[in-house]
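What the coordinates show
Here is how the chains run, residue by residue.
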Amino acid sequence: MTSICRSTTYEGVGTPLFERSGPDIAFWALFGVFALGEAVTRIRSLARRDGRKAARGNQVVVVLAVVGSILGGLGLASWDATAITTGQWPLFVVGLISMVAGIVLRQWSIATLGRSFTSDIRLRTQQTVVDSGPYHWLRHPSYSGLIMFFIGFGFAMTNWMALIVLATVPTSALIARVLEEEKVLIGVLGDDYRTVSAAVEQTLREEEGALKSLKQSVNRLEHEMMRRLWRLSWREA
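**Here we look at the nonpolar core**
Core analysis: the largest hydrophobic core is formed by 27 residues, its most contacted members being Phe27, Met99, Phe149, Phe150, Phe153 and Met157. Elements supplying a minimum of two residues to this core: helix 2 (23–47), helix 3 (58–76), helix 4 (88–113), helix 5 (141–156) and helix 6 (160–189). Not counting the four nearest positions on each side in its chain, Phe27 is found in contact with Phe18, Phe92, Leu96, Met99, Phe153, Ala156 and Met157.

**Focus on the packing of aromatic side chains**
A complete count under the given rule lists twelve aromatic pairs for this structure. On the basis of an interplanar angle of 90° and a centroid distance of 4.9 Å, the ring pair of Phe27 and Trp28 is categorised as edge-to-face. Pairing Phe149 with Phe150 gives two aromatic rings, centres 5.4 Å apart and planes at 80°, and the pair type is edge-to-face. Comparing Phe149 with Phe150 shows no difference in burial state: the two are buried. Taken together, Phe18, Phe27, Trp28, Phe31, Phe34, Phe149, Phe150 and Phe153 form an aromatic cluster joined through their ring pairs.

**Considering the environment of Gly73**
Within the element layout of this structure, Gly73 appears in helix 3. Between the alpha carbons of Gly73 and Val165 there is a distance of 6.4 Å; along the sequence they are 92 residues apart. Non-local contacts of Gly73, meaning those with residues more than four positions away in its chain, are made with Met157, Ala162 and Leu166.

**Quick look at unusual backbone geometry**
Among all residues save glycine, negative phi is the norm, and among peptide bonds the norm is trans. Residues other than glycine seldom take positive phi values, yet Thr158 does so here, at roughly 50°. Tracing the sequence through the fold places Thr158 in the loop between helix 5 and helix 6. For Thr158, a relative accessible area of 3% translates into the label buried.

Analysis parameters
Residues numbered from 1 in each chain as written. Predicted model: local features only at pLDDT ≥ 70, side-chain atom pairs only at ≥ 80, totals over all residues. Heavy atoms only, no water. Core = buried A, V, L, I, M, F, W, Y, C linked by side-chain atoms within 4.5 Å. Buried < 20%, exposed > 50% of the residue type's maximum accessible area, 1.4 Å probe, protein only. Helix = DSSP H or I, 4+ residues; strand = E, 2+ residues; numbered from the N terminus. Contact = heavy atoms within 4.5 Å. Phe/Tyr/Trp six-rings, centres within 6.5 Å; stacked < 30°, edge-to-face > 60°.

Right under this line is the structure:
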């Protein structure tokens, strides 16, 4: 009886959701899809060796940060001191959704660039600016997809320390890579890249303004509905 009670307590509190029977299938299936996509992308990138490599150490830093954060997050996920004990299921579901969104955004970005996409930063002759697909709204959507995936990965572990590691370590490495890539793109593409970047920022500002207007309209509608309901209830009383 004692062993059964201990097992039940451990299963209910100590075992993270991603390690429990059932949820673990969804968690590791998504991770497998992500890993397979990255492996295919890497293999295709190795076959595209045209152009000059612009940054040699940057990719190594990103790989070490990604692998280190995954291993560190998995190790920290079973640390009871920082386990998230309330609202585990909502956080787990949010994590899975973020993982799916990150995979979709990254693969969409890679497909949009086509043969121009490489896992390292390269300089090519006749390189052009891409402003279609996700690049219409984001300057670096493939990296944004990675960040979304790892944040979701951390949420799905339902552990604060694992989430912090997975949200900060890969993001820091990717920000450093983005800054390096920005220098290369501006140096190669010049005003064309600056123009597209400015257009992306303008689009984001316009959409942000539209969302604010929509939110204000919804708030006014909600206020009017509450006012009318209050009047109706007052008359009936």
